[in-house]
Structure formats: structure tokens, C-alpha cells
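A closer look at the structure
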Amino acid sequence: MSALHQGQWAESGEVVVEPFWGELCDTCCELPEYAHPQARPKLVTVPRGGSVTVVAMSATNVAGRANMMELADLNVGELMHNLRIRYKASPMEYYTYVGDILIVVNPMRPTPLADVEHMHAYAGTAFKDPALRPHIFAIAERAYTQLLETSAPQAVIISGESGAGKTYSTRHVLDFLAFRSRKAAAAGAADATDADPAIPRGSDSLSNLGAASEILEALGNSKTLRNHNSSRFGKFVKIYFSHTTPGVIQGAFIQTYLLEKSRIVDQDDGERNYHIFYLMLEYLDSEIRSELGLGPVESYAYLIGSTGANASSWRVQPDAAATPMEDAERWDDLLAAIGALGLDDVFADVWRVCAAILHLGNIEFEAPDHDTSSSTLCTITNPELVSHVARLLCVDEEALTKTLLTCKVVSESRSYSVDKAKANVDALAKSLYAKMFDKVVSAINDALGGGSGGLDSSRSRAWIGVLDIFGFESFQDHPDVKGVATTANTFEQLCINLTNERLQRYFYDELIPKQLEHYAAEGIDVDAIQYDDNAMAVDVLMEGKFSVLSLLDDATRTATSLPKYRADPSLGDNLWVQLVSEAHAPSKDNLKLTKRATEHDFLGWFADQLDDRASSSFCVHHFAGTVWYSARGCIDKNSDKVATDCIELMATSGTEWLAACYDTGRASAERASVARGFARQLRELVCPPAWKSAANVSGGELDAAANPLFVRCVKPICRRQPGKTHGWLEDHKVLDQLQSAGMYAVIQMRQAGYPTELDKAEFLDVYWELEEDVKVLMDLRSEDDQIHHLARLIASDPGVVLGDLRGMPPYQVGKTKVFMKGSMASAMASALRAVQDSKLTRMEAAAKHLKSLIRMSLVSSRLPELRETAAARFEYLRRKRAFIAQGLTPEQADEAIRREDEEAAAREEERYVRKHYAPLQNKVDEAQVPQLLDALHASANEEASPYYAAEIRERAAKLARVANAVQATLDAFREDVHNEGAKASAAAAVHKLRKRVKKEEVALRADADRREAEARAAAEAAHRAERFEPVVAELADVGVEAAIQLLSEFETAFAPVVEAGKIDVNALHDRRARLVRNLARAKAVFEAWSADIFSRKLEKKAAAWVKRLRVLLRREDDAMEADLVVVAKYSKVSQVRVKLDAAREAKLAKLAARREELLAAEEAKARAAAARASAAVRAEARRKRETERAARKLTRQRTRFLRKLRASATALNEAGLRVLYQNMPCEIRYRGPITFNFAKRDPSYDVRNDEMYIGLETPVGKHSYNSGAISGVKYFKCYPQHGVFVEPSKLYSIDPLAERGKPLEVGDKVWHADSRFLRTGYVLFVGMTHFSDGATLVGVRLDQDEALGNTDGTVDGLRYFDVEFARGMFFRADECYRIAPWDDSEAETIIADYCALHDIDIESESGYMSDTEVEEKLFEAEQEPAYADVDDEPQSGIVPSPSDIYQLPGSSSAAVMSAMGSTTFPQSPSEFALGSVGSETFSVGALGGIGGLNGSIDDLVLEGLGSFNSSTDDIKLNAA
Ligand SMILES: Nc1ncnc2c1ncn2[C@@H]1O[C@H](COP(=O)(O)OP(=O)(O)O)[C@@H](O)[C@H]1O
Ligand SMILES: [Mg+2]
């Protein structure tokens, strides 16, 4: 068993996963998730064939990211994790960036990501646009835009192992470039007067590119076990762009590398030769085929192997489903491509050469004595094939036969042994195919306009090169001690790996300056990045005289020239190893070196010199790992030996190009060595300027490219498996590939700098908790200061070991990011973990304490109830004993008790009727409805107006109806006195009736009043007309006013007489004054009379006044007469007199006329008044009625509200009905709306807030509303600070089912409190068990997480219900309470039932109070002070005294626990509240498993930041 640490993986067996903060991923085997902050070491059993990868990661990295350089802490594990979660995501994200590198995890199935819509989406976008997901098109677009911007060549380097998707990705890049080109051409069509007609333009060259791929694939691709269409050659496609129309493709050039030749003569089981052979044999025109002498596939040794092993498998793919190969489609595409590129002639030759190769493979040699190894002359058993071949290759048949059987040594011909002859044929076949391949490639290049100038073509500097090259290969570790290696890495692997080694170096050269730029941009100080440079590995392999390849050439030269080596090829191979070891023999054992200081250190040997393999193998420490190479056959492969005779013969071929290929001059140059040719090609691809002259090349293609782009393809699985093609990722295979792709090296390079980069805000977000005193952090103004403060806490802690930092500070703060060394980052993480762990521990302790207190309170609250039950049982037993003492048997005693109880019940019933029914009936009787009805009828009869009469009759009828209905309801209630509903409706009906009766009485009185008033008004009007008016007329008739007028005028009229003193002026004035005075008094009397029209006294007085005024006037007339006599006497008496007389006459006439007028007016007025009077009386009465009604309504509403409020509060208070609030059993103290103090502010106070609230008394104190009062209105009494108002939705009603007699059902949620625990759970079983002794039991699955229960649902092996071990519990049914979220109607039923059962009469008359009473009570309540002191208030039976519960045993500060507060604190970065009791700090809040525990400790100073989550309904408590 081994322990796994982060980033490691293990295959089958048992492993211990070390504790970490992160995630343990499952991949090949189904493992549960272990991602939990509190994860402890886990023992994991990995099934055979499965594997586990431990990925420990910073909290910031758990979700995948599109660009992994953004990962906080880049390491291999994280890389792996990120790729995996992206790959498994839906939709699958198989493209990911690591910095600027694109990793492509082969999706292994068609995806829509490569369609034209995506091309549109990525065209013209910025590289790594955050709105766009990583994509191969983004890479292509980047190359394209860089090309347009800089006009410098660009390169896209795509690598990966076979089947990883390189060729697909290459095709995607090419497709995208073609798409862009087409767009650019369309845009620039107007000015497309592009010269250079030699180059095919526009769509031609674009579609030709696709055709070229098809042809190359047919010739160079094959089926392997890893990929049914595996490219067996590398290629570099250069796409040239026009100078005149920027962005338009002009042509292309393809360079190929390392075609796998061995495949032509031999393939592994299950693999195939190149596609072209099968296509040709299956689909080529039958005429041509017969001309070429071809038969079916199965007849060729080169196709099915000499043993025929692949005879059946060539038609199907290497997957388990045996999908057919897509040969038919491929053939169609090939034909189309040949046509498009105009290569029909070339292919006529291709068919011939291919046919020749197949025939060559079937030639059989025979030694005369059947001794195959002897060197005696052998013969060809099927010479007709030779003539076929000669014809196809256009060479002389005889000469061909000779070259196949003999070889020329110096000047004589020596015959081959059978083996040698076979080898010679194979060599010829391979050579032919290779030449043909090169020929086709150059023909394609001609067609593409790339020209045959090859890579040196300097026609255009504007190109994009796409390199599709095989990835690092290592088929086997070093040969093990016992077994002999079956598949060794040899010459091909060496070349491939060297290519990759070289490309990796190129990659470093490109990448490291970029990383340093990044640091510089952030303003942080990094001198140089130290990384494991692989430059020396490249040098030792290919540069200089003593490089591995040079020594191979040396060995090859020796081996081909000396006969000793020719006789035994292995000697030559060994010579090479010997030369290499002599040149590079390490002084020490370099297999275990970790630092490679010299180039020698990159090579290694098998240690045991006696072992044969020591002389034939060596290893190279590549950047991607150590690879062992076997030298076996390398000399052969390097010399690529085709017998000189063959070469000479081929040079005579009638096929021109073939003859040219074997032209002896060229051939001898090439024969130098394969290694040298390969090294030259590689240098042409990459070669830094410094090497140019040494290597004698003009500089590498890639070196010319600015900003090369890297694409790393990764294969998620090694073999296709049925049904597992999607999202299936084999971790260790992918890890291997990432290593081979150099990703480890990238990571290592980054770790040499600052591997962990965090945005400043993210850093603070994660690590703020490291500072216990948040205030200290808050006081630091700037973000940088805060970061430095937190980092210094760790960096300057002497207990923290940071290891070798290579002379760099452990962390640096850049412009936008914080950079940390790996050890610093992990020290930070573990410090954070420690802080959070200790918080958790303290929280757990606090939670435990709180829990025990709550339990204690629950138990105490149940005590009275238990006592009651005990008392009842005791009483029963006492009675039974008494009966037995009287001589009854126990059964008789039970019967007697039953009878007694029944009688008591009957009495009770009687009492109930008396108490509830009788008062109601009395009220109805008291209402005296029949009498009222009689009165109403009488009133109607009395009514003069038929309208009123009808109205009254209608009212009477209605009253009668109401009365009948009430009687019916009442009767119904009498029928069923215990029916609460009937009772309530009866009470309501009676109440309504009484209201109605009262109203009718009032209305009756009002009718009578109205009639009376009307009669009075009529009489008054009549009287006025008859008596008053004539007297008024008489008064006017007297003419007092005229006399007064005359008197006033007299003085002026007779001024001379007056002045002469003939007339006494004073007397005149006196007389006038008397008249005026008397007239006024008379008028006052008249006014009084008018107001009191029926007064006899005033009438008489008025008549007297008329009389008196007459007398006065008469007297005045006389006086006037006398005066006039004087005037006449005096002067012009007669004249004046005449004038006066006339004036008097006129006055009198005027008076008379005015009197007429007055009389008429009065008459009209009287008529109008009479009419008005009756209307006014009616309106007045109506207004009065309305005002009264409104007042009554207002009072009624308020009264009803207050009464309801009081009544239900009183009742519920008595009932002590309990509910669960935040899992505490609380008692309802009040139920109804809460009004704020409107009464004081607004006189028209009404029920404003009719939302239902529930006032609770909680067993645990300290709530924001203490003692049941809001805004001075006291709603209920309770122990100080134990009251709280809550919305019913926060409550669970507790249904005392046992008392209601309603049985529990499976699925009910129940609550059960016993002496130790508070429990809730679901009922899973109801019934009797064999131990229940007749009682009904319920089996409950407890809610609590811990195993509080005691059963798994079985008793003595009998299963009653199914539940996890120790989660089940049996309870007595009558001790369980059903709980349900508060639902008003349900709660009503429960309350009603409960009240009925406990004889609590919520709606009874006694519950009603008169309005004034209510008002008084309310006033009292408002005046009543809140409980000032605990001692003032007698303790209720249910609420335990504080000394019982709240004292913390042994606590120094007598701290009181409180919970469920609604306090809120300022928001903080995390949901913690810090607090302290005495010196102990603890925190509660929502963290980890603690959930929504709310609360604090009293006396506790809440400090710092934190929020209490007050909305959580229940407390979850951890660990008993
Ligand atoms: N981007 C891709 N989308 C869909 N399938 C792909 C993709 N890349 C690779 N494949 C699948 O993987 C197989 C191998 O891909 P190929 O490009 O031929 O690999 P390589 O060239 O690396 O050997 C393809 O035949 C195809 O089925
Ligand atoms: Mg390929």
C-alpha cells in the first residue's frame, strides 16, 4: 500500500490518499467524490485496470479554465484535472490554452466545432478573446493576422502521438486559411489584377490543397493499431500568400519527412500497408488491373504478411466494433483529387510501380537442397512474376533476374542465399516506393504552384507553414534484467525523438523570453529563469563530429567497407554503440543524475558490461524522459542499402523519372547515409542563424517564422473501445503525452519563476482569514499593504520552511498580480487550513453546548404535561382500587368506572348544552322578534305615504326571514351540540339577529319621528296663513312708517315756520322717536311670534301692539293737524296745506299698493315654506341615520378586531398550543395582525395591517421584540426577551395527533421529545410489533445526521421497516406529534380541535367584551409596563426558570446562550461571525457541515465582521 500525494497516480491496489484540500478525481474507475474541505486521509481501493489520480489544488482552481496559465498554481495534477473536467463537460471542451499553446484533446468523434459557422465566428477576432472559447481556428486566425500585420512568415507547429489528431488539426488550419483567403479575395475582387499567372489562383489553388492532402493520405497513410488513418510521414505545408492582394492564397508547397519504409514489406498484426495498394486492388478499373497482372488482396505477401496473418483484418478498422475501413470513399476522393491536380499520367506510373512492388513481394526463392541458409546458388520458383515486374518497370527481364539472384562484389558476381535474396527484393521494393512517393510529392508541388525549388524557394516571404509531425515515441522502457525486449526503439524512433527534441529546444527559445516579458510587464524582479535546457541533448545527438548521428555514419562506413562486418551485421551495430560510449563514457552513473551538466550526461549505458545488451543499446535522456535505443539493424537502416546492381539496373529503366531517380551520380550522394539526409532536412526546418554556416544550410524554415504557434494534440485513450469513445480519458496515458509534448518542461520552467500567480483581489479573497484581527487588515489602506501584511505573516514565521528559493524572494507583488514560489503558496494554503480548522473546532464546541441547552429546555417544558398524565393514571387506579375495596372484581371495577365516566360524560353533555346552547336560545327569545314584527306592521299601516309603508313591510319580511334562519341554525346546533362549526355559525347568526333587531327598533322609532315632524310642519304653515299674516297686514295698514317719514320731512318742509319757533322742534323729535321706538317693539313681538307661531300670548301681544300703534298714530295725526294749523296760520298756510294733503294722499296710495304686494309675497312664501319643510325634515332624518350607521360601523369593526384579537390571544394562551419555530418548541401567545400604533396618530384608526402574525414565547430568550410588545402595544405577556413575532410561514405546527385521535400515517413528519433528545423524522412504519404489547408503535427514520437512533428497523431479526443502521427509532404513537409547515387552514383545524378538547371557548360570549370594555382593556394593556424585573412575574408552568436552564454549568461568566437572533452584522467576505465569551473566541455561522446555526453567546462581544443568517428555519447541530 502506498501513499499518494498530489499530482500522482496509481494503478490497481490499495492506496492512501494523503489529506488535501481539493478533489480526488475518478477516471477509469468509479470512485466517490472526496472533495471536501475536511477530507481526512482516505484508503482507496483501486480496482484492477483502474487508476486514481490525486489532484490537490488550490480552492481557486477547482473549476476548469480555458487558459491554464491563469490557474493559480500550475502543476501537472492541475493541468490534468483541468483537461479532464473540460473534456468531460457538456458540450465537450477539447481545446484548452496553456499560455499561448493550444492543447487539443482528440474528441474521438465528429463535432460541430469545425464547421463554417465557427470559421465565421473566429475570423477577424483577437487572439484569446475572452468571449471566445479556445479553438484551432483562433490559432489559425492569429497566424493569418500576424502575417497580414508583419508580412513575416508564420508557423503553426502541430505535434502529438499517432492518432492524437495532428492531421485533423492541420486540415482545420488549412481549411480556415482557405476560408480567410476566399473572404479576402471576395473583398479585394475589384482590384484583383494580380500578376504572376504562373501561380494558379483563387478557388483552384484552395481546392487543390485539399486534393493534395487526399493524394498524400492515400500514399502515405495506413491503418495502425492506434489510428485507422495514420500518417506514416511528417509534413510541412507552406502556404504562400499574394503580395498584391494581401491575404489571398497563391500557392502551396509540401515538404515530407521520414516516410516509414519498413511498412511496405512488413506490418504488425492487425495493421495494413499503405492505403493505395488496397484501393488499387479493390477499385481500379478491372481492365487496367488485368493489364498489370493483379489479383485479390489476399494473394500478396506484402499485404497480408508471409504467414497470411492480416488476410482477414484489412477490411476493418482496429476498433472492437470492427467498423469497415472507408476505402470506397477514399477511392472516390483520390480519383477526384488526381483529376483536379491533373496527375493522371503520374498515376499511370504509380499503378505500375505499385503493381511491380506487389509482384516483387511474391517472388519466391528456392535453394536447390532446400537449405535456405547455405550460400549455394538459389533459383526463383515463379519466374513469370519477374517478367511481369520487368515489364512494369521497363527494364530488361534477364538483367532483373540476375540482379535478384546475384550481387557484384568487386568484379565478380556472387549468388545470394535465399535469405539474402529475399532481403534484396525487400530493399528494392522499399526503395521503389520511396522514389515513387517523392515523385508524386514533387508533382503535387508543381500543381500547387509551390514549384520544385523546394524549401529554398524564395519566391515569396509571405507564407504560413503548418508542421504536422509525429510526436515523441518510446515503445518500451530500458530492457529489463530477465526478459529480452520485444519491441525496442531503434533508428526511426531516434530520428523522431531527435526531431521532437529539436522542436522542444525551439519552443524554449521562443517561450522563455516571453515569460520574462510577462514578469517585466508586472514589474517584478526576476533575473533569469533556470530550467532544464535541452540544448546539449540536441548537440550530442546531431551536432559535431562526435554526435550520435555522426558516429553512426562512421560506423556505417566501416561496416559497409569491411567484409567482417558484412558477414555479421550485428558487429557493425555494436561498433556504433562502442564508438558512442568511447566518446561519451560518463565518469559516473548518469542514469540517476538529476542535473545534466555536460552533453555526455545526456547519454547512458546498460551497467552490466557482461550482458550482451550492454554492447547493443544505449539510452538518451530526452526532455520528455529517458528512452532506450537498440542499435540492432541501425547500420542497415542508415545505409539504406540497395544493391549497386539494382541501382544500376533501375537507371536503365524505360520510365524516365524512375531512371533519373536511380541515376548513379545522385544515388551515390544519397547513399552517404539516411542519418545525414535526415539531419540536413531537420536543419532546413529549424536552424538558428548561429549554426547556419556550420551546417551549410541557408537557415531553418521555422526560424524565419515570427511568433510560431504551438498546438499539442493529445489522445485521450490509446485504443478505441466500443461505447467508450466519448469523454473517456485515460489519465496516465494523457499524463505521458503531456510529458512528451513538453508540458512538464513548461510547468517546470514556470516553477523556476513564480509558479503561483493570483490576481490581487483573488489573493485577498482567499487569504484574508489568515489575519485573526480583521480590523488590522481594514486599517491598512492599500490593497498592496494588505497583501504584504498577509504574506509576511507566513513568510516571516520562523516555523515555516520555504526551502530553496534560488535566491528569489518567496513572493512578489506585481502590478496586478501576486507572484508566489511554490513552497510559499503551499505554506499559505496550509496556514489557511489551520486557521479554518481551529475555527471549525470552536464552532463545533459551541454548537454542542447550544444543543444540550435546547434539549434541557425541551425536557423541562414537557414536565407539567407528564405530571398531568401521571396524575390521571393515578386517579384511575385509585378509583379502581376503591371499587375493588367495595368488593368488585377488577373487571367489574373497570366496568363501573366506565359507567361512571359515561354518566359524567352525559352530565357534561347536559352542562354543555346549558352552557353553550341555552344562552344563545335565550338571546333569541330576548330579542322579541314577534313583538317587533307587530310594531312594524302597525307602523306600516300608520304610514300615509305608500312608499314608506312598502319599505317598512319589506323590512319586516326580512326580519322574519332572518329570525327563521337563526332559529333553524340554532336548532341545528341543538341537534349536534359538539359540532364546533354549528356552534360558531349559531353564535354568529344570533349575533346577527340581535344586530338586526336593534337596527329595526331604531328604524321604527325613526319612522314615527319622521311622521310626527311632517304633521307639525303642515299645522304650522296653516296657522301662519290664518292668524299671523292678517295681523301683519293690519300692522302695515296702520301706516306708522309713513307717519315717521312725514315727521322727518316736516322739519325741512316747514323750516321757516320751525325756525320762527312757531313749532316746537323738540316736541316733533320726541314724537318721531316715540313712533320709531314703538314700531320696533311691535316688530320684535312679531318676530318672536313668527318664531313661536302657535304662541297665544304673543298673538295677543301682537294684536295689542297693532291696537296701540293705531292709537298712537291717531294721536300723532291730531298733533300734526295742530301743527299744520300753526303752519297755515303762519304763511302760505293754505298752499302748504294743499301740498301736504296731496303728499299725504300719495303716501297713503303707495302704502296701500305696498300692502297688496306684501300680502301676495307672503302668500307665495307660505306655500313654498310648506313644501320645503317636509323635504328638509326627510333629508335631516336621512343624514342623521347615515352618520349613526358610519359611526356604528367604525366602532363595530374596531371592536370586532380587538375582540378577536383578545379572545384568540386569551384562548391560545390558555391552550398553550405549541409549534416548532427554528426547531424549538415554542408556545403560541398571540395570533393575529400586528397593528402599529395608528390609534395615536390617526383618529380614524382602523385595522391597517391584517397580515397574520404569530407571537411566540420561545424557550430560549433574547429576541429583538421582547415581552410581546410592539411600539408600545402589548400583545401578550411572556418572560422578558422570550417573545418573538413571526410570520406563520416560518413555523411548523405541532399536531397533537394522539389527542385528536387521528392516526399517524407513513410519510408523516413527526416530532418526538424524550428526556434526552429532540428528534424529528419521517414515519416509515405504523402498527404493532411483536414487542409493543398491544400499543401502536411508529417506526421513524430520524432526520439528524448522527446516528441517534437505535435500530435499523428490525427487532430480533424481524424487519418492520427499512432504514440505515442507527437512523431508525420506534416510538409510541401517542408520544409523537405530527409536524407540518404552518398552513393556515390546517392550523385552524388543529387549534379548533385542541381548544375543543381542552374546553377552551375562543368564540364564546364570555370571550366577547363590550366595546367600551375592550377599549378599557386595550388602554390598560398599553399602560401596562413591560416586565421590569423577572421577580415581578410569577413563572408560568411551562417556561422554565432561567436558573433551571440558562446557567452554563461551570461557566465563569454565567454566560447565557441565546439562539435565533435576528441581529445582522456588516457583510463580510465570508459567512463568519466572530465572537468571544470571556477570553474564548469562537465563531458561528454557516460553514461546512455546521449549516445554519444561528446564535451567539450572551455577554459576548460581537466584534469584527460576520453575518448571522437569521432566515434559516432550523438549527442543524453537528456531533452529539
Ligand atoms: N478535431 C477532431 N474532431 C473529430 N475527430 C477527430 C479530431 N481530431 C482527430 N479526430 C479523430 O481521431 C482520428 C485520428 O486523427 P488524426 O488526425 O489522423 O491523428 P494523427 O494525425 O495525430 O495520427 C481521426 O481519424 C478522427 O476520427
Ligand atoms: Mg496524421
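Reading the values: rules and limits
In this numbering scheme, every chain counts its residues from 1 along its sequence in written order. Here chains are named by letter from A upward and ligands by number from 1 upward, in the order in which they appear as written. Since the coordinates come from a predicted model, pLDDT governs what is reported: local features require at least 70, and pairs of side-chain atoms require 80 or more to be given and counted, while whole-chain, interface and lining totals use all residues. Side-chain descriptors were evaluated using all non-hydrogen atoms of the structure, hydrogens and water having been removed beforehand. Patch building starts from residues that exceed 30% relative accessible area and form no salt bridge, then joins like charges within 9 Å and nonpolar side chains (Val, Leu, Ile, Met, Phe, Trp, Tyr) within 5 Å. Accessible surface is estimated by sampling points in the Shrake-Rupley manner with a 1.4 Å probe; for residues, cover comes only from the protein chains shown. In what follows, salt bridge is the name for a side-chain nitrogen of Lys or Arg lying within 4 Å of a carboxyl oxygen of Asp or Glu. The positive count covers Lys and Arg only, the negative count covers Asp and Glu only, and His and the chain ends enter neither. The atom standing in for a charge is NZ when the residue is Lys, CZ when it is Arg, CG when it is Asp and CD when it is Glu. Secondary structure elements follow DSSP: runs of H or I of four or more residues count as helices, runs of E of two or more count as strands, with numbering from the N terminus. Exposure is judged per residue with a 1.4 Å probe applied to protein chains only, and the accessible area is read against the type maximum: over 50% gives exposed, under 20% gives buried, and values in between give partly exposed. Water is not part of the atom set, so a site may look incomplete; the donors themselves are N, O and S atoms within 2.8 Å of the metal, or 3.2 Å for Na, K and Ca. Only buried residues count toward a nonpolar core. Its members are Ala, Val, Leu, Ile, Met, Phe, Trp, Tyr and Cys residues joined through side-chain atoms within 4.5 Å. In what follows, a contact means two residues having at least one pair of non-hydrogen atoms within 4.5 Å. The convention used is that axes are lines fitted to C-alpha atoms, helices contributing only their stretch in contact, and that angles between N-to-C directions extend from 0 to 180 degrees. Angle categories are assigned with fixed cut-offs, so that under 35 degrees is roughly parallel, over 145 is roughly antiparallel, 65 to 115 is roughly perpendicular, and the rest are oblique. Crossing handedness is read from the near helix: turned anticlockwise from the far helix by less than a right angle, it gives a left-handed crossing, and turned clockwise, a right-handed one. In this count, Pro and Cys sit with the nonpolar residues alongside Ala, Val, Leu, Ile, Met, Phe, Trp and Tyr, while Asp, Glu, Lys and Arg are called charged and the others, Gly among them, polar. Being near a molecule or strand, for a residue, comes down to having at least one heavy atom within 4 Å of it. N or O atoms within 3.5 Å of each other form a polar contact, as long as, within protein, one can give a hydrogen and the other can take it, and as long as residues adjacent in sequence are counted only when both atoms are side-chain atoms. Here, a strand pair is defined by DSSP locating no fewer than two bridges between the strands. Each aromatic pair joins two rings of Phe, Tyr and Trp (for Trp, the six-membered one) with centres within 6.5 Å, and gets the label stacked for planes under 30 degrees apart, edge-to-face for over 60, and tilted for any other angle. Take the residue count of a helix, subtract one, and multiply by 1.5 Å to get its expected span.

Details of a positive patch on the surface
Taken together, the side chains of Lys958, Arg961, Lys992, Lys995, Lys998, Lys999, Arg1182, Arg1185, Arg1189, Arg1192, Lys1193 and Arg1196 present a region of like positive charge at the surface. At the level of secondary structure, the elements contributing two or more residues to the positive patch comprise α35 (946–975), α36 (980–1038) and α41 (1133–1215). Relative to the assigned elements, Arg1189 resides in helix α41. Of the residues examined, Arg1189 reaches a relative accessible area of 46% and is grouped as partly exposed.

Observations concerning the coordination of the magnesium ion (ligand 2)
Only Thr167 (OG1) and Ser231 (OG) from the protein coordinate the magnesium ion (ligand 2), and they sit 1.9 to 2.1 Å from it. Note that Thr167 is positioned in helix α4 (residues 166–187) and Ser231 in strand β9 (residues 230–231), a separation of 64 residues in sequence. For the pair Thr167 and Ser231, one class covers both residues: buried.

Description of the nonpolar core
Counting 219 residues, the largest nonpolar core has Ile215, Ile276, Phe347, Tyr433 and Trp576 as the members making the most contacts within it. Among the elements that make up this core, the one with the highest residue count is helix α14 (residues 418–448) (16 residues). Beyond its immediate stretch of four places on either side in the chain, Ile276 contacts Ala218, Leu219, Leu334, Phe347, Trp351, Cys354 and Tyr433.

Things to note about the environment of Gly449
Within the secondary structure layout, Gly449 lies in the loop between α14 and β16 (463–470). In this structure the C-alpha to C-alpha distance between Gly449 and Gln250, which are 199 residues apart in sequence, comes to 7.7 Å.

Some words on the packing of α36 against helix α40 (residues 1096–1130)
For the pair α36 and α40, the least separation of the axes is 9 Å and the interaxial angle reads 15 degrees. In terms of their interaxial angle, α36 and α40 are classed as roughly parallel. The handedness of the crossing between α36 and α40 comes out as left-handed. Contact with α36, carried on its side by Arg1027, Val1031, Glu1034, Leu1035 and Val1038, involves Arg1096, Glu1099, Ala1102, Val1106, Leu1109, Arg1110 and Leu1113 of α40 and no other residues of that element. Class assignment of the residues belonging to the contact of α36 with α40 gives a composition of 7 nonpolar, no polar and 5 charged.

Here we look at the pattern of salt bridges
Within this structure, the stated rule accounts for 56 salt bridges. As a salt-bridge pair, Asp349 and Arg352 come within 2.6 Å of each other at their nearest N and O atoms. Here Asp349 pairs with Arg352, and both are found in helix α11 (residues 344–362), just 3 residues apart, close to one helical turn. Connected via shared salt-bridge partners are Glu942, Glu943, Glu951, Arg955, Arg996, Glu1000, Asp1007, Arg1010 and Arg1011.

A short note on the site of ligand 1
As a structural note, the neighbourhood of ligand 1 is formed by 17 residues, with Asn106, Gly163, Lys166, Thr167 and Tyr168 the closest of them. Backbone polar atom of Gly163 to an oxygen atom of ligand 1: 2.6 Å apart, as the coordinates give it. The side chain of Asn227 places a nitrogen or oxygen atom 3.0 Å from an oxygen atom of ligand 1. If ligand 1 stood free it would expose 550 Å²; the protein chains cover 92% of that surface.

Thoughts on the sheet that holds strand β5 (residues 95–98)
Read from one edge to the other, the open sheet built from 7 strands follows the order β5-β6-β20-β7-β16-β10-β11, with strand pairing classed as mixed. Across the chains shown, the open sheet's two edge strands, defined by having one partner strand only, are β5 and β11 (249–257). This sheet shows a mean twist of 20 degrees between the axes of neighbouring strands, independent of strand direction. Of the strands in this sheet, β5, β6 (101–105), β7 (154–160), β10 (234–241), β11, β16 and β20 (709–714) are in contact with α4, which crosses β16 at around 165 degrees.

A short note on the packing of aromatic side chains
In total, this model carries 32 aromatic pairs according to the counting rule given. Pairing Phe1028 with Trp1089 gives two aromatic rings, centres 4.8 Å apart and planes at 70 degrees, and the pair type is edge-to-face. Here the residue Phe1028 occupies a position in helix α36, and Trp1089 occupies one in helix α39 (residues 1065–1091), the gap between them amounting to 61 residues. For the residue pair Phe1028 and Trp1089, the accessibility class agrees, reading buried in each case.

Overview of the packing of α11 against helix α12 (residues 383–393)
Following both chains from N to C, one finds α11 and α12 inclined at 160 degrees, their axes separated by 9 Å at the closest point. Compared by their axis directions, α11 and α12 come out roughly antiparallel. Once α11 is placed against α12, the crossing between them reads as left-handed. Contact residues: α11 offers Arg352, Ala355, Ala356, His359, Leu360 and Asn362, while α12 offers Leu385, His388, Val389, Leu392 and Leu393. A class-by-class count of the residues in the contact of α11 with α12 yields 7 nonpolar, 3 polar and 1 charged.

Focus on helix α24 (residues 674–685)
Helix length check: α24 (12 residues) gives 17 Å between terminal C-alpha atoms against 16 Å at 1.5 Å per residue, within 8%. For α24, the complete set of buried residues consists of Ala675, Phe678, Ala679, Gln681, Leu682, Arg683, Glu684 and Leu685. By the N-cap criterion, in which a side-chain oxygen at the helix start approaches the backbone nitrogen of a residue two or three places on, α24 is capped by Ser673, the distance to Ala675 being 3.4 Å.

Geometry only, nothing functional implied.
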